[in-house]
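Inside the fold
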2 protein chains.
Amino acid sequence: MYPFSRAFIHPASSPIRDLFKYLSDPEMISFAGGYPDPRLFDVEGLEEASRRAYKDSLSCLQYGNTEGIARLKTEIIRLMEQRGVKTSSENIVVTTGSQQAFDLLLRVLVNPGDVVLVESPTYSSNIQAARVHGARVVPVQTDADGLDVAALERLLDGIRSEADRPKLLYTVPTFGNPTGATLSLQRRLRLLELAVKHRLVIVEDDPYGDLRFSGERIPSLKALTGELPGSDDWVVHMGSLSKIVAPGLRVGWSISPAPIAYRCYIAKQSADVGSSPWTQGIAAEYLSSGALEPHIERIRRGYGEKCRALCAALRELMGDALTFHEPNGGMFVWARLNGEVPAAELLKASIDRKVMFVPGAGFHVDDPVLSTLRLSFAAPSVANIHAGVGRLADAWEAIHARI
Amino acid sequence: MYPFSRAFIHPASSPIRDLFKYLSDPEMISFAGGYPDPRLFDVEGLEEASRRAYKDSLSCLQYGNTEGIARLKTEIIRLMEQRGVKTSSENIVVTTGSQQAFDLLLRVLVNPGDVVLVESPTYSSNIQAARVHGARVVPVQTDADGLDVAALERLLDGIRSEADRPKLLYTVPTFGNPTGATLSLQRRLRLLELAVKHRLVIVEDDPYGDLRFSGERIPSLKALTGELPGSDDWVVHMGSLSKIVAPGLRVGWSISPAPIAYRCYIAKQSADVGSSPWTQGIAAEYLSSGALEPHIERIRRGYGEKCRALCAALRELMGDALTFHEPNGGMFVWARLNGEVPAAELLKASIDRKVMFVPGAGFHVDDPVLSTLRLSFAAPSVANIHAGVGRLADAWEAIHARI
């Protein structure tokens, strides 16, 4: 009826967001969305930050700078410095979550038909985002150590025409979504070499990096650019407060080389004028209060405990049903059902039993591995994690009996 | 150096936003941006709303629905009903200001090369937005009664190929930006007929409609669709709290036929996941408190007084320099310098004298009328309006002496 654009003639909704309708059921135990645990929100600390921010009510209520309010940028610079990254105001664009940071990057870099590289599997909404911009989305394999950098190298070496040269690579190198895998230090350094050699923009999405509960911290790609001259020109780093403070602030950011950052700022002018200066003010007050560090310690312990609870329950109650790697941080366990059982089938039986997760198909660009699934341990309580896996095991039994 | 997308190889920044750097000068009197008067913010009412919203801290801090939180949608439905528009939840997408509502519409309707119609002159950021999406932006003339609907009809009748058929018409029919003009009732009805006849999506941007301080209220295009069967399928209405409550909330919305609204929701998933549920919660509390109606009465009086002050000062101090129509509402006076003097030249002399405005060139798609300018009376005090026009008159004298 309406003359929709190509990407929206038959739009595909997010496979994760589409499960939200079941969340209103209070009996439902959800391993689905990447929701932080509400019990781990710093409700009082944020109330206090909100009260302080509103002392400068004019800054909360009036239009702010399109690229982000100055006070928040100062705090982001400080936070990134603690993470081993030196940056400055002109490189930062504050966004409505890091989702928007990626969308703005696509806007300034991608023409319809351009190639965008992603990990396979990868965060489904960013496959969607790239497709909305008309990109040809090309997957690169991953394994337990994250992106298969040798496979990327073969792919880049094999490019014969300018038109096939990828505009960017999107990667979540630390506690990846959906796999939970972390790119090894060796691979990180090799990836930076490839970026310089092939003049490839690497988009590093790092919402989970602070949520490490075991193993040794590995510096971000951005932090490692100091090791390799010229590599800083090819890394765009995206950060977010959604997983470590609260998603409701909708505060994310990108750190880019100045010509890219400037264009993201211009793109944001017509995208939404600017993100709310009110929640930016609250975020700035929260970060400057010193509350973040102890808060991260607390949620790290909380998520570590839940991750161990989920993995133990999966081994105990579903040992025959699936295989998985236990992650060192983040929010997700990526698993594969034995016997090629489609995860969508298990999901159907699971929803009947009031438990849910996200089938892995939506995280693949093409050739989905139908037996994969993503389980988030972040939101449910330890008790519910155990109960939820029990329900999953029931669902597995039920469909297994049918097979 | 970087392989930017076509729209961002040589990006054009907003002519309005680029003047912001002068705002940090405390001596500057600005008639430039469309900033509301901070003295007219309901600082206490919004603080109270913020306190009430945070009682449900979980809703503020967690992810909200992509398409907007339910309580805010309920309030928007009520507000629109007071404005003569019946709508329902499935038609509404809450956005980060109405700027994002337009951007999402472009995303779901426009392929590169498609035609987008705009009024000439029109809001500069939406020319930019359409161009970012690769649209061919085609201007339609306006006069003191708003869009020249007869000119539009000739344009539509003259279309010979499907490729030239416009995807949408963007219009600010009530107290237009930049002209301040209001589309007559007769023209509104005729415009709806044309929309039905030519299956043309009309995007009605209505941020200023409540800010009427003289003349009789004219219903919005959306409110008038009841008069003409079928026209409701072709009107998308965009609303905003930026001008009537506070821009810092970043709360706008679109009301569309369901297939368009559904696609805007999908587009928003990958654009930013969702606008802040925290500021949405504050907006919902504010709207439900009953504070909006008396607040609008108050700002209407305030802006009316300022508009009269600006127009009187212009007549008194710059009567020889420019011509303009006094608007019945909104925030803007659109003027034309006599003797074809370029407004950019006056601006240069004005900034030296600590007063500024926006030259009209940026509001034109092509063939800019260089002698036009936009003056906003919203932000400065009545005393500063008088002083500012005095400085403008000085600047005029100075460049006139040179000519």
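All values derive from a computational prediction rather than experimental measurement.

Calculation notes
Residues numbered from 1 in each chain as written. Chains lettered and ligands numbered in written order. Predicted model: local features only at pLDDT ≥ 70, side-chain atom pairs only at ≥ 80, totals over all residues. Heavy atoms only, no water. Helix = DSSP H or I, 4+ residues; strand = E, 2+ residues; numbered from the N terminus. Least-squares fit on C-alpha atoms with pLDDT ≥ 70 in both. Contact = heavy atoms within 4.5 Å. UniProt positions renumbered as here; feature names shortened; annotations may be inferred. Buried area = accessible area lost by both parts, 1.4 Å probe. Salt bridge = Lys/Arg side-chain N within 4 Å of Asp/Glu carboxyl O. Polar contact = N/O pair within 3.5 Å; in protein donor to acceptor, adjacent residues only side chain to side chain. Nonpolar A, V, L, I, M, F, W, Y, C, P; charged D, E, K, R; others polar. Disulfide = S-S within 2.5 Å. Pairing = 2+ DSSP bridges. Axes fitted to C-alpha atoms, helices over the stretch in contact; angles between N-to-C directions. Buried < 20%, exposed > 50% of the residue type's maximum accessible area, 1.4 Å probe, protein only. Domains from an automatic or database assignment. Parallel < 35°, antiparallel > 145°, perpendicular 65-115°, else oblique. Left-handed = near helix turned anticlockwise from the far one by under 90°. Core = buried A, V, L, I, M, F, W, Y, C linked by side-chain atoms within 4.5 Å.

1. Remarks on unusual backbone geometry
- The amide bond that connects B:Ser120 to the next residue, B:Pro121, takes the cis arrangement and shows omega of 0°.
- By the element assignment, B:Pro121 lies in the loop between strand S3 (115–120) and helix H5 (124–132).
- For the bond from B:Asn177 to B:Pro178, the omega torsion is 15°, close enough to zero to count as cis.
- Its identity as a non-glycine residue notwithstanding, A:Asp367 has a phi of 45°, on the positive side.
- Tracing the chain through its elements places A:Asp367 in the loop between strand S13 (358–359) and strand S14 (372–376).
- Phi is positive for B:Phe175, which is not a glycine, with a value near 55°.

2. With respect to the relation of the copies chain B and chain A
- Each copy superposes on the other: chain B lies on chain A with an RMSD of 0.0 Å after a rotation of 180° and an axial shift of 0.0 Å. Taken together, these values place the two copies in the relation of a two-fold axis.
- Looking at the interface residues of chain B, 100% of them are also at the interface in chain A, so both copies use one shared face.

3. Some points on the UniProt feature "domain: Aminotransferase class I/classII large" (unreviewed entry) in chain A
- The feature "domain: Aminotransferase class I/classII large" (unreviewed entry), as given by UniProt, occupies residues 52–392 of chain A in the numbering adopted here.
- Helix makes up 43% of residues 52–392 of chain A and strand 17%, and the two end C-alpha atoms of the span are 45 Å apart.

4. What about the interface of chain B and chain A?
- The interface is formed by 81 residues belonging to chain B together with 81 residues belonging to chain A.
- Buried area between chain B and chain A, both sides added, is near 6,900 Å², and the carbon and sulfur share of it is 60%.
- Counting the surface chain B buries against chain A, the share from its top three residues, B:Tyr2, B:Arg17 and B:Tyr63, is 11%.
- A salt bridge links A:Asp103 to B:Arg107; the nearest nitrogen and oxygen atoms lie 2.5 Å apart.
- At the surface where chain B touches chain A, the tally comes to 36 residue pairs in polar contact (both at pLDDT 80 or more).
- Top element by residues in the side of chain B that touches chain A is helix H9 (residues 258–272) of chain B. It accounts for 11 residues.
- Partitioning the side of chain B that touches chain A into residue classes produces 43 nonpolar, 25 polar and 13 charged.

5. Things to note about the state of the cysteines
- With the rule as written, the count across this model stands at 0 disulfides over all chains.
- The closest cysteine sulfur to the non-disulfide-bonded B:Cys307 is located on B:Cys311, 4.1 Å from its own sulfur.

6. Regarding the sheet that holds strand S3 (residues 115–120) of chain A
Residue and element names in this part refer to chain A.
- Pairing is mixed in the open sheet, where 8 strands are placed in the order S2-S9-S8-S7-S6-S3-S4-S5. The open sheet is flanked by strand S2 (92–95) and strand S5 (146–147), the only strands paired with a single partner.
- Strand direction decides the pairing type here: strand S4 (residues 136–143) and S5, joined by 2 bridges, are antiparallel. Following the sheet pairing, Thr142 is matched in S5 by Leu147.
- The sheet contacts of helix H4 (residues 97–109) involve S2, S3, strand S6 (168–171), strand S7 (201–205), strand S8 (235–240) and strand S9 (252–255), and relative to S8 the element is tilted by about 155°.

7. What about the pattern of salt bridges?
- Taken as a whole and judged by the stated rule, the model has 51 salt bridges over all chains.
- Salt-bridge contacts for B:Glu75 lead to B:Arg78; the nearest nitrogen and oxygen are separated by 2.9 Å. Of this pair, B:Glu75 and B:Arg78 are both found in helix H3 (residues 70–82), 3 residues apart, which corresponds to roughly one turn of the helix.
- When its relative accessible area of 11% is taken as the criterion, B:Glu75 is described as buried.
- Between B:Glu193 and B:Arg190 there is a salt bridge whose closest N-O contact spans 2.5 Å. Placement of both B:Glu193 and B:Arg190 in helix H7 (residues 185–198) is noted, with a separation of 3 residues, approximately one turn of the helix.
- Taking the relative accessible area as the measure of exposure, B:Arg190 reaches 30% and is therefore partly exposed.
- One salt-bridge network, held together by shared partners, links A:Glu47, A:Glu48, A:Arg51, A:Arg52, A:Arg71 and A:Glu285.

8. Let's talk about the environment of A:Leu287
- Summarising the element assignment, A:Leu287 is placed in helix H10 (residues 277–288).
- With sequence-adjacent residues up to four places away left out, A:Leu287 is seen in contact with A:Leu72, A:Glu75, A:Arg78, A:Leu241 and A:Leu292.

9. So, the environment of A:Glu285
Residues and elements named next belong to chain A.
- Structurally, the position occupied by Glu285 is in helix H10.
- Distance from Glu285 to Glu227, taken between C-alpha atoms, is 33 Å for residues 58 residues apart in sequence.
- The residues contacting Glu285, other than those within four sequence positions of it, are Ala49, Arg52, Ala53 and Arg71.

10. Examining the side chain of B:Thr174
- Mapped onto the elements, B:Thr174 comes out in the loop between strand S6 (166–171) and H7.
- Polar side-chain contacts of B:Thr174 include one of 2.9 Å to the side chain of B:Arg188.

11. What to know about the environment of A:Gly215
Residues and elements named next belong to chain A.
- Relative to the helices and strands, Gly215 resides in the loop between S7 and helix H8 (221–224).
- Classification of Gly215 as exposed rests on a relative accessible area of 58%.
- For the pair Gly215 and Gly329, spaced 114 residues apart in sequence, the C-alpha to C-alpha distance is 8.7 Å.

12. What to know about the side chain of B:Gln280
- Looking at the secondary structure, you find B:Gln280 in helix H10 (residues 277–288).
- Owing to a relative accessible area of 2%, B:Gln280 belongs among the buried residues under this scheme.

13. Some details on the sheet that holds strand S7 (residues 201–205) of chain B
Residue and element names in this part refer to chain B.
- Overall, mixed pairing links the 8 strands, which are arranged S2-S9-S8-S7-S6-S3-S4-S5 in an open sheet. Edge positions in the sheet fall to strand S2 (92–96) and strand S5 (146–147), since each has one partner strand and no second.
- Against the sheet, H5 touches S3, strand S4 (136–143), S6 and S7, its axis set at about 155° to S4.

14. Brief notes about the domain arrangement of chain A
Residues and elements named next belong to chain A.
- Looking at chain A, the domain boundaries give domain 1 (6–42 + 294–402) and domain 2 (43–288).
- Put simply, the middle of domain 1 and the middle of domain 2, counted by C-alpha atoms, are 25 Å apart.
- In this assembly, 34 residues from domain 1 lie in contact with 39 residues from domain 2.
- Buried surface at the junction of domain 1 and domain 2, summed over both partners, amounts to about 2,900 Å²; 61% is from carbon and sulfur atoms.
- Per-residue buried area on domain 1 facing domain 2 is highest for Asp42, Asn328 and Val365; these three make up 24% of the total on that side.
- Linking domain 1 with domain 2 are 0 salt bridges.
- Secondary-structure elements contributing two or more residues to the side of domain 1 that touches domain 2 are helix H11 (292–318) and strand S11 (332–337).
- If one sorts the elements of the side of domain 1 that touches domain 2 by residue count, H11 sits on top with 7 residues.
- Of the residues that constitute the side of domain 1 that touches domain 2, the class distribution is 19 nonpolar, 11 polar and 4 charged.

15. Observations regarding the packing of helix H11 (residues 292–318) of chain B against helix H13 (residues 382–402) of chain B
Residues and elements named next belong to chain B.
- Running from N to C, H11 and H13 cross one another at 25°; their axes reach a closest spacing of 9 Å. Here H11 is positioned roughly parallel relative to H13, judged by the angle of their axes. In the crossing of H11 with H13, the sense of the turn from one axis to the other is right-handed. Counted together, Glu305, Lys306, Ala309, Leu310, Ala313, Leu314, Glu316, Leu317 and Met318 of H11 and Val382, Ile385, His386, Val389, Gly390, Leu392, Ala393 and Trp396 of H13 form the full contact between these two elements.
- Its residues placed into classes, the contact of H11 with H13 shows 12 nonpolar, 2 polar and 3 charged.

16. Overview of the nonpolar core
- Core analysis: the biggest nonpolar cluster contains 288 residues, and A:Phe31, A:Leu168, B:Phe31 and B:Leu168 have the highest contact counts within it.
- If sequence neighbours within four positions are ignored, B:Leu168 has contacts with B:Phe102, B:Leu106, B:Leu109, B:Val110, B:Val115, B:Val116, B:Leu117, B:Leu200, B:Val201 and B:Val203.

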